[in-house]
Amino acid sequence: MQTPSGHPVESSSAKRLVVLASGGGSNLAALLAAHGDAAYGARVVGVVTDRPTAGALDLAHDAGVASAVVSMKDFDDRAAWNDGVLEAVSVFQPDYLVLAGFMRILAPSVVRRFEGRMINTHPALLPSFPGAHGVRDALAHGVKVTGCTVHLVDDGVDTGPIIAQTAVPVFDNDDEPTLTERIKVAERALLVETVGRIAREGLSLTGRKASIGR
């Protein structure tokens, strides 16, 4: 596990976001572009990744945001790795966690620690097509409309309460790459808008119904 690096963000009234990412960080880039506006209401204070080569680390460095790597190979087992993730995230004292292309399933103990404050995106209109291949599964099923979902994380796989969704049409000539790219564009916009609204207005949960604003 690498210790957090980079420059700490000065405290403010903005909600503190920690972003977990495994890849290039396109969703992270969108959040970083938004958080410079004081009116946005949230600021990325830390980035945690499970891969030392993740492009998200470069984005964090360029933005002056502290980062940490918690690589599975540095731990004896998955339980120890989850403890490492929890430790790395807790350093930043986040108000909310945003999973932005984070390709690991977190243990229930981690999820419960941030219950109601851990936000994820998924490239389909949940509860349809959960899991790692939402775009591929939607195409295989022949749907005419798919989209993306922002939801709270629970102990299941893409089963948490839905916060917001955006529809994306499926064209006759679509393949997985073309549809994925259009969904990603919609997903970035939806994530930025939703996280900002949650930061400014709060999030309430009644049963499975998640509502922005209190």
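Definitions and cut-offs
Residues numbered from 1 in each chain as written. Predicted model: local features only at pLDDT ≥ 70, side-chain atom pairs only at ≥ 80, totals over all residues. Heavy atoms only, no water. Buried < 20%, exposed > 50% of the residue type's maximum accessible area, 1.4 Å probe, protein only. Helix = DSSP H or I, 4+ residues; strand = E, 2+ residues; numbered from the N terminus. Pairing = 2+ DSSP bridges. Right-handed = clockwise from strand over helix to strand, strands pointing away. Core = buried A, V, L, I, M, F, W, Y, C linked by side-chain atoms within 4.5 Å. Contact = heavy atoms within 4.5 Å. Expected span 1.5 Å × (residues − 1). Arc of directions from axis to C-beta. Polar contact = N/O pair within 3.5 Å; in protein donor to acceptor, adjacent residues only side chain to side chain.

J.: Just give me the short version of the pairing of strand β4 (residues 96-99), but keep the residues and values in it.
T.: Covered by surrounding structure in β4 are Y96 and V98 together with L97 and L99, the residues of both alternating faces. Both strand β1 (residues 15-21) and β4 contribute to a ladder of four bridges, which runs parallel. By the bridge assignment for β4, V18 is matched with L97. Handedness of the crossover joining β4 and strand β5 (residues 118-122) through helix α4 (residues 108-113): right-handed.

J.: Tell me what's going on with the nonpolar core, and back it up with residues and numbers.
T.: Formed by 42 residues in total, the largest nonpolar core has its most connected members in L31, V44 and I163. With nine residues, the top contributor of residues to this core is helix α6 (residues 176-201). Each residue touching L31, except ones within four places of it in the same chain, is listed here: V19, Y40, V44, V98, L191, V192 and V195. Within the second largest apolar cluster, 23 residues are counted, among which are V48, A68, M72 and A88.

J.: So, unusual backbone geometry: which residues are in play, and what are the values?
T.: Backbone phi values are negative for most residues with the exception of glycine, while trans is the configuration of most peptide bonds. The omega torsion across L126 and P127 is 10°, close enough to zero to call that bond cis. Within the secondary structure layout, P127 lies in the loop between β5 and α5 (134-141). Unusually for a residue other than glycine, Q93 sits at a positive phi of about 50°. Its location among the elements puts Q93 in the loop between α3 (78-90) and β4. In the Ramachandran plot, D158 falls in the positive-phi region, its phi being about 60° despite a non-glycine side chain.

J.: Can you lay out α3 for me, pointing to particular residues and giving the numbers?
T.: Between its first and last C-alpha atoms α3 spans 18 Å; for 13 residues at 1.5 Å apiece the expected length is 18 Å, and the two agree. Those residues of α3 lying buried are W81, N82, G84, V85, A88 and V89. Around the axis of α3, the buried residues are gathered within 155° of arc, so they sit on the same side. Those residues of α3 that are exposed and aimed more than 90 degrees away from the buried face are A79, D83 and E87. Check the buried side of α3 and you find it contacts β1, β2 (42-49), β3 (66-69), β4 and α4. Looking at where α3 begins, the residue whose side-chain oxygen comes 3.3 Å from the main-chain nitrogen of A79 is D77.

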